Amino acid sequence: MSPMQEDSKLAPWRRLGETLQGSFAARQRGLLASGFAILDSDGQEIGRLEIHGIEGAGLEVGDLEARIESRVPTGYSMLAGGTEILTARSLRAWNAPEMSCLGHLYRGRLSLLRNTARAGRAGEEGTVRISGGLTNRNYEAAFDAGNEDSLPIAFFLLYLTVALRSKAYNVVHEG
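Residues numbered from 1 in each chain as written. Predicted model: local features only at pLDDT ≥ 70, side-chain atom pairs only at ≥ 80, totals over all residues. Heavy atoms only, no water.

Some words on the overall build of the protein chain
For clarity, the cut-off: Counting from the N terminus, the helices are DSSP H or I runs at least four residues long and the strands are E runs at least two residues long. When a residue's accessible area, from a 1.4 Å probe over protein chains only, is under 20% of the maximum for its type it is buried; when over 50% it is exposed; and in between it is partly exposed. A contact between two residues is defined here by any heavy atoms of the two lying within 4.5 Å. All accessible-area figures derive from a Shrake-Rupley calculation using a 1.4 Å probe, and residue coverage is judged against the displayed protein chains alone.
The helix and strand inventory of the protein chain stands at two helices and twelve strands. If you list the helices and strands of the protein chain from N to C, you get α-β-β-β-β-β-β-β-β-β-β-β-β-α. Across the 175 residues of the protein chain, 45% fall into the buried class. Counting contacts in the protein chain only where the partners sit at least 6 residues apart, residues at least 24 apart contribute 40% of the total. In the form shown here, the protein chain has an accessible surface area of approximately 9200 Å², with 50% of it arising from carbon and sulfur atoms.

Rendered as structure tokens:
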């Protein structure tokens, strides 16, 4: 891929990262809704994340549109502008995902009991952090605004945390 093509696929992520300045919030849009409003640091809604269970999700924020898709049996991918920008697979279980975004390898750690997730480039401390409330309705996300690839990782970790907690909640209540 030429530098011009790579720059054009990163432009929406770069603009969004500058707007968010390293953090965003996600609030569930209704009591039983599967969608989350994405809020900037002023609490203004700037987009939404629609969760489709463990099958995937859709993200729309400004001029950025992305899809997270399950790739059975290998894991997940995130597509934006027709280009795959992120792939993820589990290491032993989904509480320890390994993600590749824009050529950089990240290792994640999820705690469904604490409703938290974190990830960092391989060998580094966590630069992406997700923390949620007890009810799975409100989340705060922090990412390294200086790393273009940390924002897609943050959205993927948010999705994965919500999807896995929802699945666990349904199993407990159905069982």
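Looking at the pairing of strand S9 (residues 104-111)
Definition in use: Only strands that DSSP links by at least two bridges are regarded as paired with each other.
Pairing geometry for strand S8 (residues 93-101) and S9, over four bridges, is antiparallel. Among the inter-strand pairings, Met-99 is bridged to a residue of S9, identified as Tyr-106. A loop of two residues connects S8 with S9, the two strands running antiparallel in sequence, and Leu-102 in this loop sits at a positive phi of about 50 degrees. Two elements, S9 and strand S10 (residues 116-121), share six bridges in a ladder whose sense is antiparallel. For Arg-109, the partnering residue across the bridge sits in S10 and is Arg-118.

Let's talk about the packing of aromatic side chains
Selection rule: Only Phe, Tyr and Trp rings are paired, with Trp represented by its six-membered ring, and only when their centres lie within 6.5 Å; those with planes under 30 degrees apart are stacked, over 60 edge-to-face, the remainder tilted.
Under the defined criterion, the tally for this structure stands at six aromatic pairs. Pairing Phe-24 with Phe-143 gives two aromatic rings, centres 6.4 Å apart and planes at 45 degrees, and the pair type is tilted. Residue Phe-24 is located in strand S1 (residues 23-28), and its partner Phe-143 is located in the loop between strand S12 (138-142) and helix H2 (150-174); the two are separated by 119 residues in the primary sequence. Across this residue pair, the class does not change: Phe-24 and Phe-143 are buried. Ring pairing ties together the aromatic residues Phe-24, Phe-143 and Phe-155, which thus form one cluster.

Digging into the nonpolar core
Using the following cut-off: As used here, the term nonpolar core means buried Ala, Val, Leu, Ile, Met, Phe, Trp, Tyr and Cys residues forming a set that is joined through side-chain atoms within 4.5 Å.
Formed by 44 residues in total, the largest nonpolar core has its most connected members in Trp-13, Phe-24 and Phe-156. No other element matches H2, which puts twelve residues into this core. With residues near it in sequence (within four places) discarded, Trp-13 still touches Leu-59, Leu-64, Ala-66, Met-78, Ala-80, Ile-85, Leu-151, Pro-152 and Phe-155.

Here's the deal with unusual backbone geometry
Unlike most non-glycine residues, Gln-21 shows phi in positive territory, near 50 degrees. You can see Gln-21 is positioned in the loop between helix H1 (3-20) and S1. Using a relative accessible area of 62% as the deciding quantity, one classes Gln-21 as exposed. A positive phi angle, close to 60 degrees, is found at Asn-115, a residue other than glycine. Checked against the element boundaries, Asn-115 lands in the loop between S9 and S10. The exposure class assigned to Asn-115 is buried, which follows from its relative accessible area of 1%.

Looking at the pattern of salt bridges
Inclusion rule: The rule for a salt bridge is simple: a side-chain nitrogen of Lys or Arg has to be within 4 Å of a carboxyl oxygen of Asp or Glu.
Tallied over the entire structure, the rule returns nine salt bridges. As a salt-bridge pair, Arg-71 and Glu-69 come within 3.0 Å of each other at their nearest N and O atoms. Across the salt bridge formed by Arg-89 and Glu-98, the nearest N and O atoms sit 2.7 Å from each other. The class for Arg-89 is partly exposed, based on a relative accessible area of 41%. Looking at Glu-98, the relative accessible area reads 11%, which means it is buried. What emerges from the salt-bridge pattern is a single network uniting Arg-67, Glu-69 and Arg-71.

Some thoughts on the sheet that holds strand S6 (residues 75-80)
Worth spelling out the cut-off: Throughout, an axis means a line fitted to C-alpha atoms (over the contacting stretch in the case of helices), and angles, computed between N-to-C directions, take values from 0 to 180 degrees.
Strand order in the closed barrel formed by twelve strands is S1-S2-S3-S4-S5-S6-S7-S8-S9-S10-S11-S12, and the pairing between neighbours is antiparallel. Strand-to-strand twist across the sheet, computed as the mean angle between neighbouring axes with direction ignored, equals 20 degrees. Alignment of S10 against strand S11 (residues 128-132), held across four bridges, turns out to be antiparallel. When the sheet's bridge partners are listed, Thr-116 is paired in S11 with Ser-131.

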